[in-house]
Amino acid sequence: MTPSDAERLWLSPILHADLDAFYASVETLKDPGLRGRPVIVGGTSGRGVVTSASYEARRFGVRSAMPTAQARKLCPSGVFIQPSFPAYIAKSIQVKEIFEEFSVAVEPLSLDEAFLDLRTARRLWSDPPTAAEALKDRVMRATGLVLSVGVAPNKFLSKLASRMAKPDGVLVVGADRVDEFLRPLPVGHLWGVGEQTEVVMRRLGLRTIGDVAACPPEILERALGSHGAGLAQLALGRDDRKVVPDQVARSVGAEETFQRDLSEPTQILGALLKLSDRVASRLRGQGISGRTVSLKVRMPNFETFSRSRTLKCEVDGATGIYGVARELLEKFLESKPPGNRKIRLLGVSVGNLCRWPASDQMILDRRPEWGAAEVALDRVRLRFGEDALGFGALLEDG
Ligand SMILES: [Mg+2]
């Protein structure tokens, strides 16, 4: 790929990530005996409606929002299940955390879909389609759920693309392919076109998005009011709405409860380094850094302590975070009698966050060789999982 190819791909930096048949898939994960069967999640009482149907059930014509009674007629062999939201929410949180490893700009739309603006993570990826494939992969490995992803220049197009990518796909709409992609689609695919609007459009002879794009805007406005002007823009593939994250994290952290309490200094420091490395990776994945490093220590009797230090400059690397966390830990352990230095849980977090790169601010551990090495590690981790690589060598020289 030439540099200009990559540049062109970056003109489509907005991802719409949407889990396939989410509730039905979670039910299948809970009970693997359901795999391959038509699973229909919804209200099972007389007036219930379908909220999610597996692809096997869709083959029978079952769709979301359809009355359950109708679904039973279409698919008598279906497995009908009442929704259990706690399970869906737990999975949803897990998936959102993965999205946030890929971009600091994640805007959830519901439990199973979100927009991601990848421009904050340019450092991590050669191009957005590669990131989209990695995201799918990571979600599958971590949760067992199938994700479809649309990759496009803006929100409207990426949402449309993910819908067309289903099931289990990635669809990229290149900035130079927008018209080609959009024009043949029926008007119902325009954002905000419901049944009523569709009737009006049909009366105007508008059947495809291309028809709408070619229609003089005055005519649309006369028929549909201000809504018409917005639709004319969408039909041309224009949408300048930003991806708005629901909230900015106040700190990024990682912690671990050990299967057996740790007492050996080398084990403790090894664990601390691993956690520092994980935090660093998350920070960089979101394109941020922070100035306050905090340590959390829980003893076998569940007494829990935290210590933190605010630095003069940002850190986003494992070596910098580890250096501070280690000092905090050593000071903490010194304050304890030697017989009382067992550790049940360790946590490391970084707060006082700011957007990375902090242009000309000094980064504590910005030794160029480390920076490059850690970015390379991030890439490997995102593709192969967090434990794929670690700072083994660092442990040796303590
Ligand atoms: Mg979905």
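J.: So what's going on with a nonpolar patch on the surface? Which residues, and what values?
T.: Together, Phe-85, Ile-89 and Ile-93 make up an exposed nonpolar region whose accessible area comes to about 260 Å². Relative to the elements of secondary structure, Ile-93 occurs in helix α5 (residues 85–102). Given the relative accessible area of 48%, Ile-93 is considered partly exposed.

J.: Tell me about the sheet that holds strand β2 (residues 39–42), and name the residues and values.
T.: Read from one edge of the open sheet, three strands run β3-β2-β4, paired in mixed fashion. On the outer flanks of this sheet lie β3 (50–53) and β4 (79–81), each paired with one strand and no other. Sheet twist, expressed as the mean angle between neighbouring strand axes with direction ignored, is 25 degrees. Where β2 lies against β3, three bridges are found, and the strand directions are antiparallel. Its bridge partner being in β3, Gly-42 is matched across the sheet by Val-50.

J.: Help me get a handle on the coordination of the magnesium ion, residues and values and all.
T.: Every protein donor of the magnesium ion is listed here as Asp-18 (OD), Leu-19 (O) and Asp-112 (OD), and their distances to the metal cover 2.1 to 2.4 Å. Summarised as a motif, the one-chain spacing of the donors to the magnesium ion is D-L-x92-D. Within this pair, whereas Leu-19 is found in strand β1 (residues 14–19), its partner Asp-112 is found in the loop between β5 (105–110) and β6 (113–117), the two being separated by 93 residues in sequence. For the pair Leu-19 and Asp-112, one class covers both residues: buried.

J.: Any chance you could break down the pattern of salt bridges for me, citing the residues and the numbers?
T.: A full pass over the atoms with the stated rule returns 19 salt bridges. Glu-100 is the salt-bridge partner of Lys-96, the closest N and O atoms lying 3.2 Å from each other. Taken as a pair, Lys-96 and Glu-100 lie in helix α5 at a separation of four residues, close to a single helical turn. Since its relative accessible area comes to 22%, Lys-96 is described here as partly exposed. Judged by its relative accessible area of 22%, Glu-100 falls in the partly exposed class. Bridged by salt links that share partners, the residues Asp-18, Asp-20 and Lys-166 form one connected network.

J.: Can you break down the confidence of the model for the protein chain residue by residue, with the values?
T.: Averaged over all residues, the pLDDT of the protein chain equals 86, while 87% of them reach at least 70. Below pLDDT 50 for its whole length, residues 357–369 participates in 21 contacts with residues either more than four positions away or in separate chains. Within the model, pLDDT remains below 50 along residues 390–398, and this stretch shows 13 contacts once partners closer than five positions in the same chain are excluded.

J.: Could you give me a rundown of the packing of aromatic side chains, with the residues and numbers involved?
T.: Within the structure shown, the criterion is met by six aromatic pairs. Residues Phe-102 and Trp-125 carry aromatic rings whose centres are separated by 5.4 Å and whose planes lie at 10 degrees to one another, so their mutual orientation is stacked. Pair noted here: Phe-102 is in helix α5 and Trp-125 is in the loop between β6 and α6 (128–143), with a separation of 23 residues, a long-range link. Here Phe-102 matches Trp-125 in class, with each residue buried.

J.: Please provide a residue-by-residue account of the sheet that holds strand β7 (residues 147–152), values included.
T.: Read from one edge of the open sheet, five strands run β5-β6-β1-β7-β8, paired in mixed fashion. On the outer flanks of this sheet lie β5 and β8 (170–172), each paired with one strand and no other. Here the strands of the sheet are splayed against their neighbours by 15 degrees on average, with no regard to which way each runs. In the sheet, β7 pairs with β8 via three bridges, with the strands oriented parallel. Of the residues in β8, the one forming a bridge with Val-149 is Val-170.

J.: Which residues make up the environment of Arg-163, and what are the values?
T.: Mapped onto the secondary structure, Arg-163 falls in helix α7 (residues 155–165). Overall, Arg-163 belongs to the partly exposed group, its relative accessible area being 48%. In the structure, Arg-163 is positioned 145 residues away from Asp-18 in sequence and 8.1 Å away in space, judged by C-alpha atoms.

J.: Please give an account of the pairing of strand β11 (residues 304–315) that cites residues and values.
T.: Pairing of strand β10 (residues 288–298) with β11, which is carried by eight bridges, proceeds in the antiparallel orientation. Residue pairing for β11: Thr-292 is matched across the bridge by Thr-310. If you look at the hairpin formed by β10 and β11, you'll find five residues sitting between the two strands, and Phe-302 has a positive phi there, around 75 degrees.

J.: Describe the pairing of β1, listing the residues and the values that go with them.
T.: Counting buried positions along β1 gives six out of six residues, so the element sits mostly inside the fold. What you see with β1 is no split at all: Ile-14, His-16 and Asp-18 on one side and Leu-15, Ala-17 and Leu-19 on the other are buried throughout. Bridging between β1 and β6 involves five bridges; their strand directions are antiparallel. Along β6, the bridge assignment pairs Ala-17 with Ala-114. When β1 meets β7, the two strands line up antiparallel, connected through six bridges. Of the residues in β7, the one forming a bridge with Leu-19 is Leu-147.

J.: An account of unusual backbone geometry is requested, with residue identities and associated values reported.
T.: The omega torsion of the bond from Lys-166 to Pro-167 falls at -10 degrees, within 30 degrees of zero and hence cis. Here Pro-167 is to be found in the loop between α7 and β8. If you check the backbone angles, Ala-65 has positive phi at about 75 degrees while not being a glycine. Along the polypeptide, Ala-65 turns up in the loop between α3 (55–58) and α4 (68–74). Non-glycine residue Phe-302 carries a positive phi angle of around 75 degrees. Looking at the secondary structure, you find Phe-302 in the loop between β10 and β11.

Criteria and cut-off values
Residue numbering note: each chain is counted from 1, following its sequence as written. Confidence filtering applies because this is a predicted model: local features only for residues at pLDDT of at least 70, side-chain atom pairs given and counted only at 80 or more, and all residues used for totals across whole chains, interfaces and linings. Side-chain numbers here rest on the full set of heavy atoms in the structure, without hydrogens or water. Put simply, a patch holds well-exposed residues, over 30% relative accessible area, that have no salt bridge, with like charges counted together within 9 Å and Val, Leu, Ile, Met, Phe, Trp or Tyr side chains within 5 Å. For every accessible area listed, the method is Shrake-Rupley and the probe measures 1.4 Å; residues are considered covered only by the protein chains on display. Here a salt bridge means any side-chain nitrogen of Lys or Arg lying within 4 Å of a carboxyl oxygen belonging to Asp or Glu. In this description a helix means any DSSP run of H or I spanning at least four residues, a strand means any run of E spanning at least two, and both kinds are numbered starting from the N terminus. When a residue's accessible area, from a 1.4 Å probe over protein chains only, is under 20% of the maximum for its type it is buried; when over 50% it is exposed; and in between it is partly exposed. At least two DSSP bridges between two strands are needed for those strands to be called paired. Angles shown run from 0 to 180 degrees and are taken between the N-to-C directions of axes, each axis being a line fitted to C-alpha atoms and, for helices, limited to the stretch in contact. In this analysis a donor is any N, O or S atom within 2.8 Å of a metal ion (3.2 Å for sodium, potassium and calcium), and since water is not included, sites may seem incomplete. pLDDT: the predictor's confidence for each residue, scored from 0 to 100. Working rule for contacts: check all heavy atoms of both residues, and any pair within 4.5 Å makes them a contact. Whether two aromatic rings pair depends on their centres lying within 6.5 Å, for rings of Phe, Tyr and Trp, where Trp uses its six-membered ring; planes under 30 degrees apart make the pair stacked, over 60 edge-to-face, and the rest tilted.

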